[in-house]
Amino acid sequence: NGARDSLFSDTDSQRPVPDTLELELVAVRQGWLEVRGADGTIFRSRVMAEGESYFPRLNAGWTVSARDGSAFEWRVGDVTVGPLGPEATPVFSASIDEQISRAADAAAPAMAANGGNKASR
């Protein structure tokens, strides 16, 4: 009958993520951060110092929570992708994988300028 299972069935294929994408969470000031795996395993749950970073696993269904989302920002090398959350606002179980395409877009100009390599540090 020509009906589709979903209006979005043709958009299932996402743009490939570069193998060299090093998405990290960086503390721009001291703050508490928790990173959980898809099965609930806690990989990090502690106060991070300003300048400290964490490299989460990508495409694994991991989530991140913070008491203050603005205390952390997403980066790829020296390129800032954006804050984890709004100023002085808690973030609960935010998907890390949802940041991948945003990070790839932000890092693309830096990667192109470096001849296709990852953003310089």
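This text goes with the structure placed above it.
A short tour of the structure in this document, coming up. Small disclaimer: the values here were computed from a predicted structure and weren't measured. (Residues numbered from 1 in each chain as written. Predicted model: local features only at pLDDT ≥ 70, side-chain atom pairs only at ≥ 80, totals over all residues. Heavy atoms only, no water.)

**Topic: the sheet that holds strand β3 (residues 42-48)**
Consideration 1: Ordered by their spatial adjacency, four strands build an open sheet running β3-β2-β5-β8, and the pairing between neighbours is antiparallel. This sheet does not close on itself; its edge strands, each paired only once, are β3 and β8 (91-95). Shown here is a sheet whose adjacent strand axes are inclined to one another by a mean of 15 degrees, direction ignored.
Consideration 2: Two strands pair when backbone bridges link them, and strand β2 (residues 31-36) and strand β5 (residues 63-66) are joined in this way by four bridges, in the antiparallel orientation. The residue bridging Arg36 from the neighbouring strand is Thr63, located in β5. (Pairing = 2+ DSSP bridges. Helix = DSSP H or I, 4+ residues; strand = E, 2+ residues; numbered from the N terminus. Axes fitted to C-alpha atoms, helices over the stretch in contact; angles between N-to-C directions.)

**Regarding the pattern of salt bridges**
Side-chain pairing between opposite charges can occur once the charged atoms of the two side chains come close.
Consideration 1: According to the stated counting rule, one finds six salt bridges in the structure shown.
Consideration 2: A salt bridge links Glu34 to Arg36; its shortest N-O distance comes to 2.8 Å.
Consideration 3: Since its relative accessible area comes to 11%, Glu34 is described here as buried.
Consideration 4: A residue is classified by how much of its surface remains accessible, and Arg36, at 31% relative accessible area, is partly exposed.
Consideration 5: Between Glu52 and Arg46 there is a salt bridge whose closest N-O contact spans 2.1 Å.
Consideration 6: By relative accessible area, Arg46 is classed as partly exposed at 33%.
Consideration 7: Look at the salt bridges and you will find they share partners, linking Arg29, Asp68 and Glu87 into a network. (Salt bridge = Lys/Arg side-chain N within 4 Å of Asp/Glu carboxyl O. Buried < 20%, exposed > 50% of the residue type's maximum accessible area, 1.4 Å probe, protein only.)

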